[in-house]
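# Report on the structure
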Amino acid sequence: MTGALDERPRRVRLGAVLRGLSGSVAATVVLLAVLVIGAQIFAATESWAGPGWIAVGGHLLAAAVAVLLQSYADRRTGAGAWCAGIGVFVVAALALWLWWWS
């Protein structure tokens, strides 16, 4: 008799975990870019300074690069996929450092 208790648990692959985490980070970078665009548009309609169009462009560039790297990581295997997944984290860290923390 075989039951659910007889089945071995599935082995979680580290590459799948990295792709999941880097995908979440890429989506967060896109969401942050949308938020900055909204803040700039709101500030412009209220005649406030806002974050500035250079910051908006920087966030859009970071979001585009993060999505492209994530797309590459999702479609490939091996070292290239690993480098692309880690690149998403690097792009997110650079965007946060340049536009929020420095």
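Before reading further, recall that the structure is shown in the block above.
Residues numbered from 1 in each chain as written. Predicted model: local features only at pLDDT ≥ 70, side-chain atom pairs only at ≥ 80, totals over all residues. Heavy atoms only, no water.

## Focus on the overall build of the protein chain
What counts is decided by this rule: Secondary structure elements are defined from DSSP: runs of H or I of at least 4 residues count as helices, runs of E of at least 2 residues count as strands, and each element is numbered from the N terminus. Between the two quantities, the radius of gyration covers C-alpha atoms and the globule rule is 2.2 Å times the number of residues to the power 0.38.
Each helix and strand in the protein chain was counted, giving three helices and zero strands. The secondary structure elements of the protein chain, listed N-terminal to C-terminal, are α-α-α. Here the C-alpha atoms of the protein chain give a radius of gyration of 19 Å, more than 25% beyond the 13 Å that 2.2 N^0.38 yields for 102 residues. Its C-alpha atoms give the protein chain principal-axis dimensions of roughly 75 × 30 × 25 Å.

## A few points about helix α3 (residues 79-101)
We apply this condition: An expected span of 1.5 Å times one less than the residue number is assigned to each helix. In this scheme, a residue with accessible area under 20% of its type's maximum is buried, one over 50% is exposed, and one in between is partly exposed, where area comes from a 1.4 Å probe on protein chains only.
The end-to-end C-alpha separation of α3 is 31 Å, in line with the 33 Å expected for 23 residues at 1.5 Å each. All buried positions along α3 are accounted for by Ala81, Ala84, Gly85, Gly87, Val88, Val91, Ala92 and Ala95.

## Some details on the packing of helix α1 (residues 14-45) against α3
To keep things clear, this is the line we draw: Interaxial angles span 0 to 180 degrees and are taken between N-to-C directions of axes, which are lines fitted to C-alpha atoms, for helices over the stretch in contact. Roughly parallel means an angle under 35 degrees; roughly antiparallel means over 145; roughly perpendicular covers 65 to 115; every other angle is labelled oblique. In a left-handed crossing the near helix is turned counterclockwise from the far helix by less than a right angle, and in a right-handed crossing that turn is clockwise. Two residues form a contact once any of their heavy atoms are found within 4.5 Å. Throughout, the ten residues Ala, Val, Leu, Ile, Met, Phe, Trp, Tyr, Cys and Pro are labelled nonpolar, Asp, Glu, Lys and Arg are labelled charged, and all others, Gly among them, are labelled polar.
Put simply, α1 and α3 touch, their axes get as near as 9 Å, and they point 30 degrees apart. In terms of their interaxial angle, α1 and α3 are classed as roughly parallel. Every pair of crossing elements has a handedness; the one defined by α1 and α3 is left-handed. Of the residues in α3, those in contact with Leu14, Gly15, Leu18, Leu21, Ser22, Val25, Ala26, Val29, Leu32 and Val36 of α1 are Trp82, Gly85, Val88, Phe89, Ala92, Leu96 and Trp100. Looking at side-chain class alone, the contact of α1 with α3 contains 14 nonpolar, three polar and no charged residues.

## A look at the packing of α1 against helix α2 (residues 53-75)
The relative placement of two packed helices comes down to the angle between their axes together with the axis-to-axis distance. Viewed as axis vectors pointing N to C, α1 and α2 meet at an angle of 160 degrees, and their least axial separation amounts to 9 Å. Between α1 and α2, the angle is such that the two are roughly antiparallel. As α1 runs across α2, the sense of the crossing is left-handed. Residue-level inspection shows Arg19, Ser22, Gly23, Ala26, Val29, Val30, Leu32, Ala33, Val36, Ile37 and Gln40 of α1 in contact with α2, the latter providing Trp53, Ala55, Val56, His59, Leu60, Ala62, Ala63, Ala66, Val67, Gln70, Ala73 and Asp74.

## Some remarks on the packing of aromatic side chains
Definition in use: Only centres within 6.5 Å qualify two rings of Phe, Tyr or Trp (six-membered ring in Trp) as a pair; their planes then separate them into stacked at under 30 degrees, edge-to-face at over 60, and tilted for everything else.
Taken as a whole, this structure holds one aromatic pair when the rule is applied. Each ring, one from Phe42 and one from Trp48, has its centre 5.4 Å from the other, and the planes form 75 degrees; the classification is edge-to-face. Classification of Trp48 as exposed rests on a relative accessible area of 54%.

## Some remarks on unusual backbone geometry
Residues other than glycine seldom take positive phi values, yet Ser47 does so here, at roughly 60 degrees. For Ser47, the location among the structural elements is in the loop between α1 and α2.

## Some words on the side chain of Gln40
Tracing the backbone shows Gln40 in helix α1. The class for Gln40 is buried, based on a relative accessible area of 4%. Not counting residues up to four positions away in its chain, the partners in contact with Gln40 are Ala49, Gly50, Pro51, Gly52, Trp53 and Val56.

Scope: geometric values only; no functional claims are made or implied.
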